[in-house]
Amino acid sequence: MEVLISSFQTLFTFDVLIALVAGVVFGMVVGALPGFTATMGVSLLLPITVGMEAVPALVMLASLYTSSTYGGSMTAILLHTPGTAASGATADDGFALTLKGKGLQAIGVSTVTSCAGGFLSGIALIFISPLLARLSLLFGPGEYLFVALFGLTIIGSLCQGGVVKGMLCACIGLVVACVGIDPVTSYSRYTFGSNALGSGFGLVPSLIGLFSISQVMIMAEMSKESSNEGIVNKTMQMLKGKILLPLVEWKNYIIPVIRSFIIGLFVGILPGAGGDIGSWLSYNAGKQQSKHPEEYGKGSLEAIACSETANNAVCGGALVPLLTLGVPGSATAAVLLGGLTMHGLVPGNDLFTVQAGITYPIMLGFTLSNFLMAIIGLIAARYFIKVTAIPVSILAPVIIVLATLGSYAVQYSMVDVWSMVAFGALGYIMRKHDMVTAPIVLALILGPMAETKLIQSRIAARSTPLLMYFMSRPICVILTVLIVISIAVPVIQSRKQKKKSDTIMDEE
Amino acid sequence: MDNKRFISNDVFLGIFAALMAVIFLVQTMKFPEQVRLFPSLALILALIFSLWIAGMGVYKSMQVRRGIADYTNPEMKKQPFIVLASIVIYVICMQKIGFFVTTAVYLPCAMLLFGQRKPIPMIGSTVGVLLFIYWLFVIQLKVYMPAGILF
């Protein structure tokens with residue numbers, strides 16, 4: 001309790017509050033811009049936080065994470081263009097409501113339920129994390145190795161281009177993570193005689209390249225006149241009425257919000273599963289339980305409540321394994337881990353004991369940012385869609401400059417800038433071939449952890465064969481089963497789907 | 001494109017990735033035993049997945065050739081690579097000339113490259129971005145900017 005009180009005192013200082021507001025506003029802008037992801041926003045902001053204190057820096061990044069997830073729903077509802085993948089489930093119902101002249105009410109429901117999902121997940125984060133962190137004390141190197149492998153397999157299996165491509169991405173990331181001097185033996189690996197590669201590829205420049213530069217290259221493919229100013233102005237004219245529903249109507253959304261929060265939190269805690277999965281799962285669960293399932297997809301406020309609660313609940317959930325085990329719950333959380341390590345914070349039990357004075361204000365800041373997001377959203381949501389009218393021809397060059405400067409500013413190194421360029425090209429080519437970049441990022445983070453734990457496991461196993469050593473540890477066995485499931489389930493599902501579509505085609 | 005000659009890009013992708021995995025695996029075998037364990041495991045897995053992707057690519061190609069399925073290869077356009085080249089030139093010039101001067105020239109040029117033709121937004125956003133960067137990075141965060149022969 002004392003920690004919480006002192007954390008509030010830390011939180012309500014000028015620097016932290018400014019960082020909180022900046023994170024929320026920047027997050028909403030990033031979320032509203034189609035093609036811009038929370039991951040990209042956090043990776044662009046990460047270098048700016050280098051010179052800041054740990055608390056304001058990480059509060060800014062965490063608030064950006066949750067508010068960008070919400071920001072994506074504004075354009076999903078008003079323009080049928082989800083700003084982030086997590087808002088995909090909101091787009092159909094939201095835009096249908098906009099066409100019926102109820103766009104503002106849809107924004108109102110989205111704002112309140114996003115706030116509820118994010119806030120509840122923040123509370124869960126504050127209470128679950130210390131318990132899980134204490135549990136992590138039971139983990140030895142073997143368990144950590146399997147947690148890292150589980151994180152890699154689950155994100156690989158969730159890739160849109162298929163399980164195999166996802167796994168290949170993860171393997172590429174693992175090899176890239178090995179570049180540089182080996183931490184145990186000081187042996188140079190894959191440096192090809194270059195001193196610049198001795199410390200390996202910097203995490204932040206790699207992230208900026210993979211997410212921001214590759215996105216700029218994708219933007220370069222778009223039509224030259226890609227401003228949608230006309231559509232934005234037309235939509236603005238369609239917005240009328242009050243943004244908040246009457247108080248009595250909110251009781252219809254209590255159960256969907258609670259159910260979606262639980263789904264979102266659980267999906268968030270799973271390593272690698274992001275907001276899009278949480279929102280779609282919650283949307284489907286809502287449809288199954290709803291009294292009016294026929295309205296889903298055609299303009300249901302309940303559907304918006306389900307998906308929006310869940311995608312923001314994922315944010316808090318994703319921070320749980322990140323802070324306790326160092327395993328990110330989503331791609332954005334992986335970038336946040338870069339922020340933690342940049343400020344000398346090591347995930348685990350120490351974060352909740354020795355460094356509690358830093359960790360609790362961050363978690364509280366994340367929780368409260370959801371309220372701030374709701375206040376700003378209710379006042380200014382309709383104006384945020386105006387940012388989508390900024391043409392790509394202005395936006396893309398500005399991103400290039402900020403990305404370059406951001407990569408440089410971390411260590412004042414031009415090698416980092418060149419790494420960013422190389423990873424940008426790699427990311428673009430991968431995305432063109434249905435390969436997502438998130439597994440590489442996760443592998444860059446989990447790879448060194450997995451390797452160190454593998455070496456430690458060999459030492460701990462002594463003369464026992466490594467496999468026998470792992471199988472003699474119950475948590476390792478459970479994690480092995482989870483790894484097999486996480487690989488097998490998507491493969492079986494895609495085969496079933498393929499069979500189903502083949503049958504439909506045959507019937508036609 | 002003639003379907004009879006269709007080859008899925010996955011074939012090339014898989015073969016290229018497999019070749020890279022083999023090259024790196026050969027390099028890895030020269031490492032001491034303790035150092036090579038982890039990367040060699042990752043590379044062997046990468047090799048397996050690469051060959052799997054190539055195999056799936058061959059299967060896809062056969063299906064398209066037989067008219068059973070309809071896949072199209074992703075189109076690689078020139079524009080993104082021109083943008084990439086512009087970034088490379090920008091970084092080189094930044095090292096030689098300095099951040100602010102290079103950026104003041106690069107931003108309008110990149111905007112032109114992306115199709116912007118109106119001078120007022122180009123100049124306005126260039127000045128705005130430079131002032132913002134100066135205020136945030138130089139004044140507030142005290143970052144040492146890449147300095148060449150000029151500012």
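Note that residues are indexed from 1 along each chain, following the sequence as it is written. The naming scheme follows written order: chains are lettered A onward, ligands numbered 1 onward. Local features in this predicted model are restricted to residues whose pLDDT is 70 or higher, and side-chain atom pairs enter the listing and the counts only when it is 80 or higher, whereas totals over whole chains, interfaces and linings include all residues.

Novice: Even after reading the chapter, I still don't get the overall build of chain B, so can you show me in this structure?
Specialist: The way it works is that DSSP assigns letters per residue, a run of H or I at least four long becomes a helix, a run of E at least two long becomes a strand, and they are numbered from the N terminus. Along chain B, the regular secondary structure elements total five helices and zero strands. Dimensions along the principal axes, computed over C-alpha positions, put chain B at roughly 60 × 50 × 25 Å. With C-beta atoms placed from the backbone, the exposure class of a residue follows from how many other C-beta atoms lie within 10 Å of its own: 20 or more, buried; 12 or fewer, exposed; in between, partly exposed. Per-residue burial for chain B yields a buried fraction of 30% across its 151 residues. Expressed as a percentage of contacts within chain B between residues at least 6 apart in sequence, the contacts between residues at least 24 apart total 70%. Remark: residues whose backbone-derived C-beta atoms lie within 7 Å of one another are considered to be in contact.

Novice: Looking at this model, I keep getting lost on the overall build of chain A. Mind explaining?
Specialist: For chain A, the count of helices and strands is 20 helices and two strands. Using C-alpha atoms as the atom set, the radius of gyration is obtained and then compared with a globule rule of 2.2 Å times the number of residues to the power 0.38. For chain A, whose C-alpha radius of gyration is 22 Å, the value lies close to the compact-globule estimate of 23 Å for 508 residues. Dimensions of chain A along its principal axes, counting C-alpha atoms only, are 70 × 60 × 50 Å. The buried share of chain A, reckoned over its 508 residues, is 59%. In chain A, the proportion of contacts linking residues at least 24 apart, taken out of those at least 6 apart, comes to 79%.

Novice: I tried to follow unusual backbone geometry on my own but got confused; where do I start?
Specialist: What you tend to see is this: most non-glycine residues have negative phi, and most peptide bonds are trans. Residue and element names in this part refer to chain A. Its identity is not glycine, yet Tyr-412 carries a phi of approximately 55 degrees, on the positive side. Of note, Tyr-412 is situated in the loop between helix H16 (392–411) and helix H17 (414–432). In this structure, Arg-462 takes a positive phi of about 50 degrees despite not being glycine. Residue position: Arg-462 is located in the loop between helix H18 (438–461) and helix H19 (466–471).

Novice: Explain the domain arrangement of chain B here, please?
Specialist: Interfaces are frequently sized by the accessible area removed from exposure as the parts join. Residue ranges for the domains originate in an automatic or database domain assignment. Looking at chain B, the domain boundaries give domain 1 (3–65) and domain 2 (79–140). Here domain 1 of chain B and domain 2 of chain B have C-alpha centroids that lie 39 Å from each other.

Novice: I keep staring at helix H8 (residues 163–177) of chain A and nothing clicks. Help me out?
Specialist: An α-helix turns once every 3.6 residues. As a result, residues three or four positions apart point the same way. Between its first and last C-alpha, H8 of chain A extends 21 Å over 15 residues, near the 21 Å set by a 1.5 Å rise per residue. Burial analysis of H8 of chain A places 15 of its 15 residues in the buried class, which makes it a mostly covered element. Given a helix with a known number of residues, its expected span is that number minus one, times 1.5 Å.

Novice: Looking at this structure, how should I read the interface of chain A and chain B?
Specialist: Residue-level contacts link 47 residues of chain A with 49 residues of chain B. Listed by contribution, the elements that provide at least two residues to the side of chain A that touches chain B are H8, helix H9 (203–221), H16, H17 and H18 of chain A. A per-element tally of the side of chain A that touches chain B places H16 of chain A first, with twelve residues. Its residues placed into classes, the side of chain A that touches chain B shows 33 nonpolar, six polar and eight charged. Note on residue categories: nonpolar means Ala, Val, Leu, Ile, Met, Phe, Trp, Tyr, Cys or Pro, charged means Asp, Glu, Lys or Arg, and polar means any other residue, Gly included.

Novice: It is not clear to me how the packing of helix H4 (residues 54–79) of chain A against helix H13 (residues 301–325) of chain A should be interpreted in this structure. Could you clarify?
Specialist: Packed helices, taken two at a time, are described by the angle their axes make and the gap between the axes. Residue and element names in this part refer to chain A. Interaxial distance between H4 and H13 falls to 9 Å at its minimum, and their mutual angle equals 160 degrees. Between H4 and H13, the angle falls in the class roughly antiparallel. For the crossing formed where H4 meets H13, the hand is right-handed. Here H4 contributes Tyr-65, Thr-66, Thr-69, Tyr-70 and Ser-73 to the contact with H13, which in turn contributes Glu-308, Asn-311, Asn-312 and Cys-315. Angles here are taken between N-to-C directions and fall from 0 to 180 degrees, while the axes themselves are lines fitted to C-alpha atoms, restricted in helices to the stretch in contact. Should an angle fall under 35 degrees it is taken as roughly parallel, and over 145 as roughly antiparallel, whereas 65 to 115 is taken as roughly perpendicular and any remaining angle as oblique. Crossings are assigned a handedness: left-handed for a near helix turned anticlockwise from the far helix by less than a right angle, right-handed for a clockwise turn.

Novice: Help me understand the confidence of the model for chain B in this model?
Specialist: Low pLDDT means the predicted coordinates in that region are not meant to be read closely. What pLDDT reports is the predictor's confidence in each residue, on a scale of 0 through 100. Looking at chain B as a whole, its pLDDT mean stands at 89, while 97% of the residues score no less than 70. Here the predicted complex scores 0.81 on pTM and 0.92 on ipTM.

Novice: Looking at this structure, I do not really get the environment of Leu-99 of chain A. What am I missing?
Specialist: All names here are of chain A. For Leu-99, the position within the fold is in helix H5 (residues 88–99). A tally of 13 C-beta atoms within 10 Å means that Leu-99 is categorised as partly exposed. Considered as a pair, Leu-99 and Leu-270 are 171 residues apart in the sequence and their alpha carbons are 36 Å apart.

Novice: Sorry if this is basic, but what is going on with the packing of helix H4 (residues 99–113) of chain B against helix H5 (residues 119–140) of chain B here?
Specialist: Residues and elements named next belong to chain B. Put simply, H4 and H5 touch, their axes get as near as 10 Å, and they point 145 degrees apart. Handedness of the crossing formed by H4 with H5: right-handed. Along the contact surface, H4 presents Phe-100, Thr-103, Ala-104, Leu-107, Pro-108 and Met-111, while H5 presents Met-122, Thr-126, Val-129 and Leu-130. Here the contact of H4 with H5 is composed, by residue class, of eight nonpolar, two polar and no charged.

Novice: Where do I start with the environment of Leu-11 of chain A in this structure?
Specialist: For Leu-11 of chain A, the position within the fold is in helix H1 (residues 2–11). A C-alpha to C-alpha distance of 9.3 Å links Leu-11 of chain A and Tyr-360 of chain A, two positions 349 residues apart in sequence.

Novice: I tried to follow the nonpolar core on my own but got confused; where do I start?
Specialist: With 200 residues, the main nonpolar core has Leu-61 of chain A together with Ala-46 of chain B as its most contacted residues. Sort the elements by how many residues they give to this core and H4 of chain A lands first, with 16 residues. Put simply, a nonpolar core is buried Ala, Val, Leu, Ile, Met, Phe, Trp, Tyr and Cys residues tied into one set by C-beta atoms within 7 Å.

Novice: What exactly am I supposed to notice about H9 of chain A here?
Specialist: Under the 1.5 Å per step criterion, the end-to-end length of H9 of chain A is 27 Å for 19 residues, consistent within 8% with the ideal 27 Å. Among the 19 residues that make up H9 of chain A, 17 are buried, leaving the element largely enclosed by the rest of the structure.

Novice: Could you clarify how one ought to interpret the confidence of the model for chain A in this entry?
Specialist: In this model, chain A carries a mean pLDDT of 84, and residues with pLDDT of at least 70 account for 92%. Element-level mean pLDDT values for chain A span from 68 in helix H10 (residues 229–238) of chain A up to 92 in H17 of chain A.

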